[in-house]
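Summary of structural features
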Amino acid sequence: MARRFEGEKLLVASHNAGKVREIGELLAPYGIETVSAADLDLPAPEETESTFEGNARIKAHAAAKASGLPALSDDSGFSVAALDGAPGVYAADWAETPQGRDFGMAMQRVWDECEAKSAPEPRTAAFHCCLCLAWPDGHDEIFMGTVSGSITWPPRGALGFGYDPMFVRAGETRTFGEISAQEKHADSHRARAFALLVDAVFKGDEA
Ligand code: IMP
C-alpha cells in the first residue's frame, strides 16, 4: 500500500514552468495547493544518476528536505531501441548548445545514429516519465509511465516540445508535434504516470 498524501500543500520539485503548471492543473481537482521549487528559490540539484528513478529521487528528496513539505518530481526522457535506449535519461543533454537547447539538432543526431547503423524500420522508441513523491522524513513513492511508438524523418509539427516532432505513438499516424496538447495528454507517458499516482496517493478512500 502506498502512503497517502494527507496534507494540503505540495511542493513541485521543478524549475520548469511548463511542468509546474501541468502538475498544478492535474492536482487541482483534489484540492491540493502547489508551490514550486522556483517559488521557494530552492537550488536545482545535479542529476547524477543514470536512471529516471534515480534522478527523480534526487530532485524530490532534495526539495522535501529543503522545504519541509512533501515534494513531487518528474524525470522524463526518450529511448530509441536501435540506439540501445539512448538518449534515455540524457535526452535534454543531447540538445545542449552554448546558446541553449536545440532539439532540431538532437533529433537529427538520433536519426543520423540510426542511419549509421542501418537500423531497420519501423524504428521503435518510447517516452518515459518517472514521478517521485518524497516526504521530509525520507519516505517516497515512485510511479512510472511509458508510451511506445516509432520515430519518423523528417520531423513534423510545431506543437509540443523536445522530441515530439519525430515520435509517432503506436496506432497513430501523426507525430506528437502534430496533435493538440489535449490529445497528447489523454494518453502520454506523463498522463499514465499521473493516473497511477492519483489512484494510489490522492484519491479518496471511497470504493
Ligand atoms: P528532464 O527535465 O531532465 O526530465 O528532461 C526531460 C527531457 O526529455 C526533455 O528535455 C525532453 O527532451 C524529453 N522529453 C520528456 N518528455 C517529453 C515529451 O513529452 N515530449 C518530448 N520530449 C520529452
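Our structure's up above, just so we're on the same page.
Everything in this summary refers to the structure shown in the same document. (Residues numbered from 1 in each chain as written. Predicted model: local features only at pLDDT ≥ 70, side-chain atom pairs only at ≥ 80, totals over all residues. Heavy atoms only, no water.)

1. What to know about the overall build of the protein chain
The number of helices and strands found in the protein chain is 5 helices and 9 strands. Reading the helices (α) and strands (β) of the protein chain from amino to carboxyl end gives β-α-β-α-β-β-β-β-α-β-β-β-α-α. The C-alpha atoms of the protein chain give a radius of gyration of 18 Å, which matches the 17 Å a tight globule of 207 residues would have. The principal-axis extent of the C-alpha atoms belonging to the protein chain is close to 50 × 40 × 30 Å. (Helix = DSSP H or I, 4+ residues; strand = E, 2+ residues; numbered from the N terminus. Rg over C-alpha atoms; globule rule 2.2 N^0.38 Å.)

2. As for the environment of F127
Structurally, the position occupied by F127 is in strand 7 (residues 123-134). Sequence separation between F127 and G145 is 18 residues; the distance between their C-alpha atoms is 8.3 Å.

3. Some remarks on the side chain of K59
Among the structural elements, K59 can be located in helix 2 (residues 52-67). Taking relative accessible area as the criterion, K59 reaches 11% and is therefore assigned buried. A polar contact of 3.1 Å, which involves the side chain of K59, links it to the backbone oxygen of D74. Once residues within four sequence positions are removed from consideration, K59 is found in contact with A13, K19, P45, E47, S73, D74 and D75. (Buried < 20%, exposed > 50% of the residue type's maximum accessible area, 1.4 Å probe, protein only. Polar contact = N/O pair within 3.5 Å; in protein donor to acceptor, adjacent residues only side chain to side chain. Contact = heavy atoms within 4.5 Å.)

4. What to know about helix 3 (residues 103-116)
Across its 14 residues, helix 3 extends 20 Å between first and last C-alpha, which sits within 8% of the 20 Å expected from 1.5 Å per residue. For helix 3, the full list of buried residues reads A106, M107, V110, W111 and C114. Down the axis of helix 3, the buried side of the element spans an arc of 130°, and every buried residue falls inside it. Considering only its buried residues, helix 3 is in contact with strand 3 (71-80), strand 4 (87-88), strand 7 and strand 8 (140-151). Two or three places before G104, at the start of helix 3, stands the capping residue D102, its side-chain oxygen 3.0 Å from that residue's backbone nitrogen. Among the residues trailing helix 3, S118 stands out with phi positive, at a value near 50°. (Expected span 1.5 Å × (residues − 1). Arc of directions from axis to C-beta.)

5. Here's the deal with the site of the ligand
Around the ligand lies a shell of 19 residues, among which S76, F103, D164, K184 and H189 are the nearest. Within the side chain of D164, a nitrogen or oxygen atom sits 2.7 Å from a nitrogen atom of the ligand. Listing elements by their share of the shell around the ligand, those giving two or more residues are strand 3 and helix 5 (189-202). With 4 residues, the single largest contributor to the shell around the ligand is strand 3. (Near = heavy atom within 4 Å.)

6. Description of the packing of aromatic side chains
Within the structure shown, the criterion is met by 10 aromatic pairs. Where F103 meets Y163, the ring centres are 5.5 Å apart and the plane angle is 75°; that geometry is what we call edge-to-face. One end of the pair, F103, is in helix 3; the other, Y163, is in the loop between strand 8 and strand 9 (167-169), with 60 residues separating them in the sequence. In this structure F103 comes out as partly exposed when scored by relative accessible area, which is 22%. According to the relative accessible area criterion, Y163 is buried, its value standing at 3%. Ring geometry for F167 versus F176: centroids 5.0 Å apart, planes at 65°, classification edge-to-face. Ring pairing ties together the aromatic residues F78, F103, F127, Y163, F167 and F176, which thus form one cluster. For the cation-ring pair, R3 lies above W135, with the distance from its terminal atom to the ring centre recorded as 5.0 Å. Above the face of the W111 ring, R123 is positioned so that its terminal group lies 4.5 Å from the ring centre. (Phe/Tyr/Trp six-rings, centres within 6.5 Å; stacked < 30°, edge-to-face > 60°. Lys NZ or Arg CZ within 6 Å of the ring centre and 35° of its normal.)

7. Considerations on the packing of helix 1 (residues 17-27) against helix 5
For the pair helix 1 and helix 5, interaxial distance at closest approach is 11 Å and the crossing angle is 45°. Judged by the inter-axis angle, helix 1 sits oblique to helix 5. In this structure, the crossing between helix 1 and helix 5 has a hand that is right-handed. Judged by residue contacts, E22, I23, L26 and L27 of helix 1 engage R190, F194 and F202 from helix 5. Of the residues contributing to the contact of helix 1 with helix 5, the split by class is 5 nonpolar, no polar and 2 charged. (Axes fitted to C-alpha atoms, helices over the stretch in contact; angles between N-to-C directions. Parallel < 35°, antiparallel > 145°, perpendicular 65-115°, else oblique. Left-handed = near helix turned anticlockwise from the far one by under 90°. Nonpolar A, V, L, I, M, F, W, Y, C, P; charged D, E, K, R; others polar.)

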